[in-house]
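The chain contents come next:
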Amino acid sequence: MKTEKLDLSSQIAKALELLDQGEVVGLPTETVYGLAARVDRPAGLAKIFQVKERPLFDPLIVHVSSLSMAQQYVKSWPRIAQSLALKFWPGPLTLVLPKSELVPAIVTSGLETVGLRMPRPMLALNLISQAGVGLAAPSANRFGRTSPTRWEHVQEEFKNAVFILQGDPCEVGIESTVLEIRDSVLVLHRLGSVSRIQIESELQNAGLSFEWLKADEMEKRSPGQMKHHYMPAVPLLWTESALTAQEIREKYLAARAQIPDTVEGVQLIKPEQVPRVSELRLSENPQAAARELYHQMRVIAQNADLIYFQKQNHMSGEDWSPILERLTKAASLKLD
Ligand code: TXA
Ligand code: MG
(Lines give C-alpha, C1' and ligand atoms only; values in the text may rest on other atoms or scores of the structure.)
(Ligands and ions follow the chains in the order given, each with its own letter.)
Protein backbone atom coordinates (compact mmCIF):
# COMPACT_ATOMS: atom_id res chain seq x y z
CA MET A 1 0.00 0.00 0.00
CA LYS A 2 1.50 3.29 -1.00
CA THR A 3 1.70 6.14 1.51
CA GLU A 4 0.70 9.06 -0.70
CA LYS A 5 1.08 12.71 0.21
CA LEU A 6 -2.42 13.58 1.43
CA ASP A 7 -3.62 16.47 3.58
CA LEU A 8 -4.31 15.52 7.19
CA SER A 9 -8.08 15.14 6.95
CA SER A 10 -7.71 12.94 3.85
CA GLN A 11 -5.10 10.90 5.70
CA ILE A 12 -7.53 10.39 8.58
CA ALA A 13 -10.34 9.44 6.19
CA LYS A 14 -8.12 6.90 4.48
CA ALA A 15 -6.90 5.49 7.81
CA LEU A 16 -10.49 5.14 9.09
CA GLU A 17 -11.47 3.25 5.97
CA LEU A 18 -8.53 0.87 6.24
CA LEU A 19 -9.09 0.28 9.96
CA ASP A 20 -12.73 -0.48 9.26
CA GLN A 21 -11.67 -3.08 6.69
CA GLY A 22 -9.51 -4.85 9.27
CA GLU A 23 -6.21 -3.35 8.14
CA VAL A 24 -3.40 -1.86 10.24
CA VAL A 25 -2.18 1.76 10.03
CA GLY A 26 0.87 3.63 11.31
CA LEU A 27 -0.19 5.81 14.26
CA PRO A 28 1.73 8.91 15.45
CA THR A 29 1.95 9.25 19.23
CA GLU A 30 4.17 11.42 21.42
CA THR A 31 6.24 8.41 22.54
CA VAL A 32 6.89 6.28 19.45
CA TYR A 33 4.86 5.49 16.32
CA GLY A 34 2.41 2.61 16.73
CA LEU A 35 0.99 -0.02 14.38
CA ALA A 36 -2.73 0.24 15.06
CA ALA A 37 -5.85 -1.87 14.52
CA ARG A 38 -9.39 -1.48 15.85
CA VAL A 39 -10.02 -3.61 18.95
CA ASP A 40 -13.23 -4.86 17.31
CA ARG A 41 -11.57 -6.12 14.11
CA PRO A 42 -9.98 -9.55 14.72
CA ALA A 43 -8.37 -9.50 11.26
CA GLY A 44 -6.59 -6.22 12.01
CA LEU A 45 -5.42 -7.44 15.40
CA ALA A 46 -4.02 -10.63 13.90
CA LYS A 47 -2.28 -8.56 11.23
CA ILE A 48 -0.39 -6.54 13.87
CA PHE A 49 1.33 -9.70 15.10
CA GLN A 50 1.93 -10.94 11.56
CA VAL A 51 3.39 -7.67 10.19
CA LYS A 52 5.60 -7.14 13.26
CA GLU A 53 6.58 -10.83 13.52
CA ARG A 54 5.59 -10.43 17.14
CA PRO A 55 4.98 -13.45 19.41
CA LEU A 56 1.42 -13.78 20.71
CA PHE A 57 2.51 -13.71 24.37
CA ASP A 58 3.33 -9.99 24.22
CA PRO A 59 0.17 -7.93 25.04
CA LEU A 60 -0.87 -4.76 23.19
CA ILE A 61 -1.80 -1.35 24.61
CA VAL A 62 -5.26 0.00 23.73
CA HIS A 63 -5.24 3.70 22.78
CA VAL A 64 -8.29 5.76 23.67
CA SER A 65 -9.41 9.34 23.01
CA SER A 66 -11.43 9.97 26.19
CA LEU A 67 -11.84 8.82 29.77
CA SER A 68 -15.26 7.41 28.97
CA MET A 69 -13.77 5.30 26.19
CA ALA A 70 -11.12 3.99 28.60
CA GLN A 71 -13.82 3.08 31.11
CA GLN A 72 -15.55 0.81 28.57
CA TYR A 73 -12.52 -1.43 28.46
CA VAL A 74 -12.12 -2.07 32.18
CA LYS A 75 -14.20 -3.88 34.81
CA SER A 76 -14.02 -0.90 37.12
CA TRP A 77 -12.30 2.48 37.14
CA PRO A 78 -10.67 3.04 40.54
CA ARG A 79 -9.95 6.45 42.01
CA ILE A 80 -6.22 5.92 41.53
CA ALA A 81 -6.83 5.49 37.78
CA GLN A 82 -9.02 8.58 37.63
CA SER A 83 -6.46 10.68 39.44
CA LEU A 84 -3.52 9.53 37.29
CA ALA A 85 -5.48 9.81 34.04
CA LEU A 86 -6.57 13.36 34.87
CA LYS A 87 -2.98 14.31 35.64
CA PHE A 88 -1.03 12.49 32.91
CA TRP A 89 -3.46 11.96 29.98
CA PRO A 90 -3.14 12.64 27.17
CA GLY A 91 0.43 11.53 27.75
CA PRO A 92 3.00 8.76 28.15
CA LEU A 93 1.43 6.72 30.97
CA THR A 94 -0.21 3.33 30.34
CA LEU A 95 -2.59 2.12 33.05
CA VAL A 96 -3.07 -1.64 33.40
CA LEU A 97 -6.42 -2.70 34.92
CA PRO A 98 -8.75 -5.74 34.87
CA LYS A 99 -10.30 -5.80 31.37
CA SER A 100 -13.95 -5.80 30.33
CA GLU A 101 -15.41 -8.28 27.82
CA LEU A 102 -14.99 -5.68 25.04
CA VAL A 103 -11.26 -6.44 24.94
CA PRO A 104 -10.49 -9.62 22.97
CA ALA A 105 -7.97 -12.11 24.33
CA ILE A 106 -5.52 -11.56 21.44
CA VAL A 107 -5.00 -7.96 22.63
CA THR A 108 -4.01 -8.96 26.16
CA SER A 109 -2.28 -12.25 25.26
CA GLY A 110 -4.91 -14.01 27.33
CA LEU A 111 -4.29 -11.90 30.45
CA GLU A 112 -7.25 -10.67 32.46
CA THR A 113 -5.79 -7.15 32.48
CA VAL A 114 -5.49 -4.54 29.71
CA GLY A 115 -3.08 -1.64 29.21
CA LEU A 116 -4.78 1.67 28.27
CA ARG A 117 -3.44 5.05 27.34
CA MET A 118 -4.49 8.30 25.69
CA PRO A 119 -1.86 9.57 23.25
CA ARG A 120 -1.15 13.29 22.92
CA PRO A 121 -1.03 14.25 19.20
CA MET A 122 -4.30 15.68 17.83
CA LEU A 123 -3.92 13.49 14.75
CA ALA A 124 -4.08 10.36 16.92
CA LEU A 125 -6.90 11.68 19.12
CA ASN A 126 -8.97 12.65 16.07
CA LEU A 127 -8.45 9.27 14.46
CA ILE A 128 -9.47 7.38 17.59
CA SER A 129 -12.49 9.52 18.36
CA GLN A 130 -13.70 9.29 14.76
CA ALA A 131 -13.18 5.53 14.77
CA GLY A 132 -15.28 5.50 17.95
CA VAL A 133 -13.37 2.52 19.34
CA GLY A 134 -10.01 1.92 20.98
CA LEU A 135 -7.03 1.22 18.74
CA ALA A 136 -4.68 -1.53 19.87
CA ALA A 137 -1.13 -0.63 18.90
CA PRO A 138 2.37 -1.83 19.69
CA SER A 139 5.39 0.17 18.58
CA ALA A 140 5.68 0.02 14.78
CA ASN A 141 8.96 -1.89 14.54
CA ARG A 142 9.75 -5.50 13.81
CA PHE A 143 9.93 -7.59 16.98
CA GLY A 144 13.01 -6.87 19.09
CA ARG A 145 14.20 -3.98 16.91
CA THR A 146 14.55 -0.22 17.34
CA SER A 147 11.27 1.66 17.85
CA PRO A 148 10.23 4.34 15.31
CA THR A 149 9.97 8.01 16.30
CA ARG A 150 9.29 9.44 12.82
CA TRP A 151 6.85 8.29 10.17
CA GLU A 152 9.79 7.75 7.83
CA HIS A 153 11.13 5.12 10.27
CA VAL A 154 7.86 3.19 9.98
CA GLN A 155 8.17 3.31 6.23
CA GLU A 156 11.75 2.00 6.37
CA GLU A 157 10.58 -0.79 8.64
CA PHE A 158 7.60 -2.03 6.62
CA LYS A 159 8.23 -0.47 3.19
CA ASN A 160 4.91 0.11 1.47
CA ALA A 161 3.03 -2.63 3.28
CA VAL A 162 1.44 -0.22 5.77
CA PHE A 163 -0.42 3.09 5.37
CA ILE A 164 1.11 5.62 7.78
CA LEU A 165 -0.41 8.79 9.21
CA GLN A 166 2.33 11.35 8.61
CA GLY A 167 2.41 13.13 11.96
CA ASP A 168 5.24 15.02 13.63
CA PRO A 169 8.39 13.43 15.02
CA CYS A 170 7.65 12.05 18.50
CA GLU A 171 8.14 14.61 21.26
CA VAL A 172 9.01 12.15 24.02
CA GLY A 173 10.84 9.53 22.01
CA ILE A 174 10.70 6.54 24.36
CA GLU A 175 7.75 4.27 25.13
CA SER A 176 5.20 5.03 27.84
CA THR A 177 5.55 4.17 31.51
CA VAL A 178 3.46 1.02 32.14
CA LEU A 179 1.77 0.98 35.56
CA GLU A 180 -0.55 -1.76 36.81
CA ILE A 181 -3.15 -0.84 39.43
CA ARG A 182 -4.15 -3.80 41.65
CA ASP A 183 -6.53 -2.12 44.08
CA SER A 184 -4.13 -0.01 46.15
CA VAL A 185 -1.01 -1.91 45.06
CA LEU A 186 0.97 -0.46 42.15
CA VAL A 187 3.27 -2.43 39.85
CA LEU A 188 5.70 -0.61 37.57
CA HIS A 189 6.10 -2.87 34.52
CA ARG A 190 8.08 -0.49 32.31
CA LEU A 191 9.94 2.74 33.01
CA GLY A 192 9.13 5.75 30.84
CA SER A 193 9.16 9.52 31.04
CA VAL A 194 6.43 9.61 33.71
CA SER A 195 8.51 8.71 36.76
CA ARG A 196 7.69 6.81 39.93
CA ILE A 197 8.18 10.04 41.91
CA GLN A 198 5.67 11.92 39.73
CA ILE A 199 3.13 9.13 40.21
CA GLU A 200 3.70 9.10 43.97
CA SER A 201 3.38 12.83 44.36
CA GLU A 202 0.18 12.93 42.31
CA LEU A 203 -1.45 10.24 44.45
CA GLN A 204 -0.25 11.85 47.67
CA ASN A 205 -1.68 15.20 46.57
CA ALA A 206 -4.98 13.50 45.80
CA GLY A 207 -4.97 11.92 49.28
CA LEU A 208 -5.10 8.37 47.87
CA SER A 209 -3.31 5.57 49.71
CA PHE A 210 -1.20 3.11 47.75
CA GLU A 211 1.87 0.94 48.05
CA TRP A 212 4.36 -0.37 45.53
CA LEU A 213 4.51 -4.10 44.93
CA LYS A 214 7.72 -5.32 46.51
CA ALA A 215 10.32 -6.48 44.03
CA ASP A 216 10.45 -9.97 45.57
CA GLU A 217 6.69 -10.34 45.08
CA MET A 218 6.94 -9.88 41.31
CA GLU A 219 6.00 -13.53 40.71
CA LYS A 220 7.10 -13.31 37.09
CA ARG A 221 8.44 -10.69 34.79
CA SER A 222 5.90 -8.62 32.95
CA PRO A 223 4.98 -10.18 29.60
CA GLY A 224 6.92 -8.66 26.77
CA GLN A 225 9.79 -7.56 28.99
CA MET A 226 12.45 -9.40 27.04
CA LYS A 227 16.15 -9.36 27.76
CA HIS A 228 16.85 -7.87 24.33
CA HIS A 229 14.75 -5.26 22.61
CA TYR A 230 15.15 -2.05 20.60
CA MET A 231 18.16 -3.57 18.76
CA PRO A 232 19.65 -1.61 15.86
CA ALA A 233 20.68 -3.18 12.54
CA VAL A 234 24.31 -3.51 13.68
CA PRO A 235 25.61 -4.61 17.10
CA LEU A 236 25.61 -2.04 19.88
CA LEU A 237 28.18 -2.33 22.67
CA TRP A 238 27.82 -0.72 26.07
CA THR A 239 30.85 0.51 27.96
CA GLU A 240 31.37 2.53 31.10
CA SER A 241 35.07 3.16 30.38
CA ALA A 242 36.60 5.63 27.96
CA LEU A 243 37.76 3.34 25.11
CA THR A 244 38.92 4.14 21.61
CA ALA A 245 37.12 2.80 18.55
CA GLN A 246 40.05 0.41 18.00
CA GLU A 247 39.78 -0.93 21.57
CA ILE A 248 36.04 -1.39 21.13
CA ARG A 249 36.62 -3.32 17.90
CA GLU A 250 39.19 -5.59 19.55
CA LYS A 251 36.98 -6.28 22.54
CA TYR A 252 34.04 -7.08 20.27
CA LEU A 253 36.08 -9.45 18.10
CA ALA A 254 37.46 -11.20 21.20
CA ALA A 255 33.97 -11.65 22.68
CA ARG A 256 32.07 -12.29 19.45
CA ALA A 257 32.04 -16.08 19.73
CA GLN A 258 30.32 -15.84 23.11
CA ILE A 259 27.42 -13.74 21.80
CA PRO A 260 24.45 -16.10 21.30
CA ASP A 261 22.68 -16.22 17.91
CA THR A 262 19.27 -15.60 19.42
CA VAL A 263 17.95 -14.70 22.86
CA GLU A 264 14.24 -15.30 23.60
CA GLY A 265 13.49 -15.35 19.89
CA VAL A 266 15.34 -12.10 19.11
CA GLN A 267 18.18 -12.53 16.64
CA LEU A 268 21.49 -10.95 17.63
CA ILE A 269 23.47 -9.54 14.72
CA LYS A 270 27.21 -10.30 14.94
CA PRO A 271 29.30 -9.62 11.84
CA GLU A 272 32.80 -11.12 11.58
CA GLN A 273 34.36 -7.91 10.27
CA VAL A 274 33.61 -4.51 11.76
CA PRO A 275 35.73 -1.93 9.89
CA ARG A 276 33.50 1.03 10.70
CA VAL A 277 33.04 1.65 14.44
CA SER A 278 30.98 4.67 15.56
CA GLU A 279 29.99 6.12 18.89
CA LEU A 280 26.37 6.79 19.79
CA ARG A 281 26.44 10.17 21.52
CA LEU A 282 23.49 11.55 23.41
CA SER A 283 22.56 15.04 24.52
CA GLU A 284 23.39 15.91 28.14
CA ASN A 285 19.77 16.84 28.59
CA PRO A 286 17.78 13.64 29.28
CA GLN A 287 14.59 14.88 27.59
CA ALA A 288 16.51 15.72 24.42
CA ALA A 289 18.46 12.45 24.70
CA ALA A 290 15.21 10.44 24.92
CA ARG A 291 13.66 12.33 22.00
CA GLU A 292 16.62 11.65 19.73
CA LEU A 293 17.63 8.19 21.00
CA TYR A 294 15.99 5.89 18.44
CA HIS A 295 16.53 8.26 15.52
CA GLN A 296 20.24 8.47 16.30
CA MET A 297 20.49 4.73 16.73
CA ARG A 298 18.97 4.27 13.28
CA VAL A 299 21.04 6.97 11.57
CA ILE A 300 24.36 5.88 13.01
CA ALA A 301 23.69 2.21 12.24
CA GLN A 302 23.34 3.08 8.54
CA ASN A 303 27.02 3.97 8.23
CA ALA A 304 28.68 1.72 10.77
CA ASP A 305 29.35 -1.98 11.30
CA LEU A 306 29.54 -1.66 15.07
CA ILE A 307 28.30 1.08 17.36
CA TYR A 308 29.06 1.75 20.99
CA PHE A 309 27.57 3.75 23.78
CA GLN A 310 29.72 5.04 26.60
CA LYS A 311 27.75 5.72 29.76
CA GLN A 312 28.80 9.03 31.31
CA ASN A 313 28.78 9.86 35.02
CA HIS A 314 26.05 12.48 34.69
CA MET A 315 23.67 9.86 33.28
CA SER A 316 22.00 8.81 36.51
CA GLY A 317 18.74 9.34 38.36
CA GLU A 318 15.07 9.03 37.42
CA ASP A 319 15.31 10.96 34.15
CA TRP A 320 18.09 8.76 32.80
CA SER A 321 16.94 5.32 33.98
CA PRO A 322 14.37 4.71 31.21
CA ILE A 323 16.96 5.71 28.59
CA LEU A 324 19.67 3.50 30.10
CA GLU A 325 17.19 0.63 30.38
CA ARG A 326 16.52 0.87 26.59
CA LEU A 327 20.25 0.99 25.82
CA THR A 328 20.95 -1.98 28.09
CA LYS A 329 18.40 -4.07 26.17
CA ALA A 330 19.58 -2.77 22.80
CA ALA A 331 23.18 -3.75 23.58
CA SER A 332 24.43 -7.12 22.33
CA LEU A 333 27.30 -6.96 24.80
CA LYS A 334 28.23 -5.01 27.92
CA LEU A 335 31.97 -4.56 28.23
CA ASP A 336 32.09 -3.72 31.93
O1 TXA B 1 4.43 4.42 24.27
C2 TXA B 1 3.94 3.31 24.07
O3 TXA B 1 3.48 2.61 25.00
C4 TXA B 1 3.88 2.81 22.63
C5 TXA B 1 2.93 3.68 21.82
C6 TXA B 1 2.68 3.16 20.43
O7 TXA B 1 1.74 3.85 22.55
N8 TXA B 1 3.47 1.44 22.58
C9 TXA B 1 4.28 0.42 22.96
O10 TXA B 1 3.74 -0.83 22.76
O11 TXA B 1 5.39 0.59 23.43
P12 TXA B 1 4.59 -2.17 22.83
O13 TXA B 1 3.63 -3.22 22.40
O14 TXA B 1 5.83 -2.05 22.04
O15 TXA B 1 4.85 -2.37 24.36
C16 TXA B 1 3.77 -2.59 25.21
C17 TXA B 1 4.24 -3.29 26.45
C18 TXA B 1 4.20 -4.81 26.37
O19 TXA B 1 5.34 -5.36 25.82
C20 TXA B 1 4.03 -5.19 27.83
O21 TXA B 1 5.31 -5.23 28.43
C22 TXA B 1 3.26 -4.01 28.42
O23 TXA B 1 3.30 -2.98 27.50
N24 TXA B 1 1.86 -4.42 28.64
C25 TXA B 1 0.80 -4.30 27.80
N26 TXA B 1 -0.31 -4.82 28.35
C27 TXA B 1 0.04 -5.28 29.57
C28 TXA B 1 -0.64 -5.94 30.62
N29 TXA B 1 -1.94 -6.24 30.53
N30 TXA B 1 0.07 -6.28 31.73
C31 TXA B 1 1.38 -5.96 31.84
N32 TXA B 1 2.10 -5.37 30.87
C33 TXA B 1 1.44 -5.02 29.76
MG1 MG C 1 7.81 -2.12 21.39
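A few points on the structure. In this text the structure is predicted, and so the values were computed from the model without any measurement.

**A short note on the pairing of strand β4 (residues 93-98)**
So, step 1. The buried fraction of β4 is high, at 5 of 6 residues.
So, step 2. Pairing analysis gives 4 bridges linking β4 to strand β8 (residues 177-182), with the strands arranged parallel. Looking across to β8, one finds that Leu93 is bridged to Thr177.
So, step 3. Relative to strand β5 (residues 113-117), β4 runs antiparallel, the two being bridged by 4 bridges. Bridge pairing in β5 places Pro98 opposite Thr113.

**Details of the sheet that holds strand β14 (residues 277-279)**
So, step 1. Pairing is parallel across the open sheet formed by 4 strands, whose spatial order is β14-β15-β11-β16. With partners counted over all chains shown, the strands left at the sheet margins are β14 and β16 (333-334), one partner each.
So, step 2. Strand direction decides the pairing type here: strand β11 (residues 236-239) and β16, joined by 2 bridges, are parallel. Following the sheet pairing, Trp238 is matched in β16 by Lys334.
So, step 3. This element, helix α9 (residues 245-255), spans β11, β14, β15 (306-310) and β16 of the sheet and lies at about 110° to β15.
So, step 4. Across the sheet, helix α11 (residues 321-330) is in contact with β11, β15 and β16; its angle to β11 comes to roughly 125°.

**Re the nonpolar core**
Where a protein is soluble and globular, its nonpolar side chains tend to be buried together.
So, step 1. Among the nonpolar cores identified, the biggest contains 67 residues, and Trp89, Leu95, Leu127 and Leu179 are the most heavily contacted of them.
So, step 2. Examining the composition of this core, we find that 6 residues originate from one element, helix α6 (residues 122-131), more than from any other.
So, step 3. If you look at the next biggest cluster of nonpolar residues, it comprises 26 residues, including Val172, Ile174, Met315 and Leu327.

**Brief notes about the packing of helix α1 (residues 8-20) against α6**
So, step 1. For the pair α1 and α6, interaxial distance at closest approach is 10 Å and the crossing angle is 45°. If you check the angle between α1 and α6, you find them oblique. For the element pair α1 and α6, the recorded crossing hand is right-handed. Counted together, Leu8, Ile12, Ala15, Leu16 and Leu19 of α1 and Leu123, Asn126, Leu127, Gln130 and Ala131 of α6 form the full contact between these two elements.
So, step 2. The residue inventory of the contact of α1 with α6, partitioned by class, reads 8 nonpolar, 2 polar and no charged.

**Observations concerning the environment of Ile106**
So, step 1. By the secondary structure assignment, Ile106 is in helix α5 (residues 105-108).
So, step 2. The sequence separation of Ile106 and Asp58 amounts to 48 residues, and the corresponding C-alpha distance is 9.4 Å.
So, step 3. Not counting the four nearest positions on each side in its chain, Ile106 is found in contact with Leu45, Ala46, Phe49 and Leu56.

What counts as what
Residues numbered from 1 in each chain as written. Chains lettered and ligands numbered in written order. Predicted model: local features only at pLDDT ≥ 70, side-chain atom pairs only at ≥ 80, totals over all residues. Heavy atoms only, no water. Buried < 20%, exposed > 50% of the residue type's maximum accessible area, 1.4 Å probe, protein only. Helix = DSSP H or I, 4+ residues; strand = E, 2+ residues; numbered from the N terminus. Pairing = 2+ DSSP bridges. Contact = heavy atoms within 4.5 Å. Axes fitted to C-alpha atoms, helices over the stretch in contact; angles between N-to-C directions. Core = buried A, V, L, I, M, F, W, Y, C linked by side-chain atoms within 4.5 Å. Parallel < 35°, antiparallel > 145°, perpendicular 65-115°, else oblique. Left-handed = near helix turned anticlockwise from the far one by under 90°. Nonpolar A, V, L, I, M, F, W, Y, C, P; charged D, E, K, R; others polar.

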